[in-house]
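One letter stands for each residue in the lines below.
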Amino acid sequence: MPPSQFRRAVAALASRCRWPRPGLGTAFLAAPILVASVLPLLVFAHESHPAAAPAAVGTEERAFLEENEAAMTKMMNDMAAKPTGDIDRDFVAMMSPHHQGAIDMAVIELRYGKNEQLRRIAQEIIVDQMQEIAAMKLAIGEPATDTTPAPTQPPSAPNTTVHHHPGMQMDMSTGMKK
């Protein structure tokens, strides 16, 4: 059906129907309908991020899933910034944790991932997202944050071996030697 015919059909239907005037009664009628339509979506969204790893998952996979869940939770919590009235600052306050979440997840990929193509993509994500965060902060007059390399080893493991050379320091992270 062409759009013009569709509009005419909707207009004809609307003219035959007597919709209740907006008011308290309409709100009481609409509220349960709204809740009934949104509730399944909320349940589905919650189920898409399991709280615990399946029992058959190995130790490395379990550590990956736990770190990834922690990164996602941190990102979502940090994105819930209180509005300040300055749209640009509010945008940066919400987007910076979003980009940091991508960095955190990319670091986790570098810790546990085996696919070299995905590991390179994760490295690019880290660089790109750090640049985006810095650019957004500079755009609102804030200094860019520290851009030290992200650790690619789990927090409990010693993450670097430092070799001293005259005038130069090299970080030979074991996760980057692959």
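It should be noted that the structure appears before, not after, this text.
Note that this is a predicted model, so its numbers are computed, not measured.

1. Focus on the overall build of the protein
Next up, step 1: Along the protein, the regular secondary structure elements total 5 helices and 2 strands.
Next up, step 2: Along the protein, helices and strands appear, N-terminal first, in the series α-α-α-α-α-β-β.
Next up, step 3: Within the protein, contacts between residues at least 6 apart in sequence are counted, and of these 46% link residues at least 24 apart.
Next up, step 4: Counting every atom, the protein has about 13,400 Å² of accessible surface; 64% of that belongs to carbon and sulfur.

2. Description of the environment of L118
Next up, step 1: Relative to the helices and strands, L118 is located in helix 5 (residues 116–139).
Next up, step 2: Counting along the chain gives 12 residues from L118 to A106, while the straight-line C-alpha distance between them is 9.2 Å.

3. A look at helix 4 (residues 87–112)
Structurally, the α-helix is built with 3.6 residues per turn, so residues lying three or four positions apart point the same way.
Next up, step 1: In a regular helix each residue adds 1.5 Å, so 26 residues correspond to 38 Å; helix 4 covers 38 Å between its end C-alpha atoms and thus fits that length.
Next up, step 2: The N-capping residue of helix 4, defined by a side-chain oxygen 3.1 Å from the backbone nitrogen of D88, is D86.

4. Re the packing of helix 3 (residues 59–79) against helix 4
Next up, step 1: Interaxial distance between helix 3 and helix 4 falls to 8 Å at its minimum, and their mutual angle equals 170°. As the angle between them shows, helix 3 and helix 4 are arranged roughly antiparallel. Within the contact between the two elements, helix 3 uses E60, A63, F64, E67, N68, A71, M72, M75, D78 and M79 and helix 4 uses A93, M94, P97, H98, G101, D104, M105, I108, R111 and Y112.

5. Describing the nonpolar core
Next up, step 1: One finds I103, A106, V107, L110, A122, I126 and I133 forming the largest nonpolar core, which totals 7 residues.
Next up, step 2: If you list the elements that add at least two residues to this core, you get helix 4 and helix 5.
Next up, step 3: With 4 residues, helix 4 is the single largest residue contributor to this core.
Next up, step 4: The residues contacting A106, other than those within four sequence positions of it, are A122, I125 and I126.

Cut-offs used in this document
Residues numbered from 1 in each chain as written. Predicted model: local features only at pLDDT ≥ 70, side-chain atom pairs only at ≥ 80, totals over all residues. Heavy atoms only, no water. Helix = DSSP H or I, 4+ residues; strand = E, 2+ residues; numbered from the N terminus. Contact = heavy atoms within 4.5 Å. Areas by Shrake-Rupley, 256 points an atom, 1.4 Å probe, with all protein chains shown as cover. Expected span 1.5 Å × (residues − 1). Polar contact = N/O pair within 3.5 Å; in protein donor to acceptor, adjacent residues only side chain to side chain. Axes fitted to C-alpha atoms, helices over the stretch in contact; angles between N-to-C directions. Parallel < 35°, antiparallel > 145°, perpendicular 65-115°, else oblique. Core = buried A, V, L, I, M, F, W, Y, C linked by side-chain atoms within 4.5 Å. Buried < 20%, exposed > 50% of the residue type's maximum accessible area, 1.4 Å probe, protein only.

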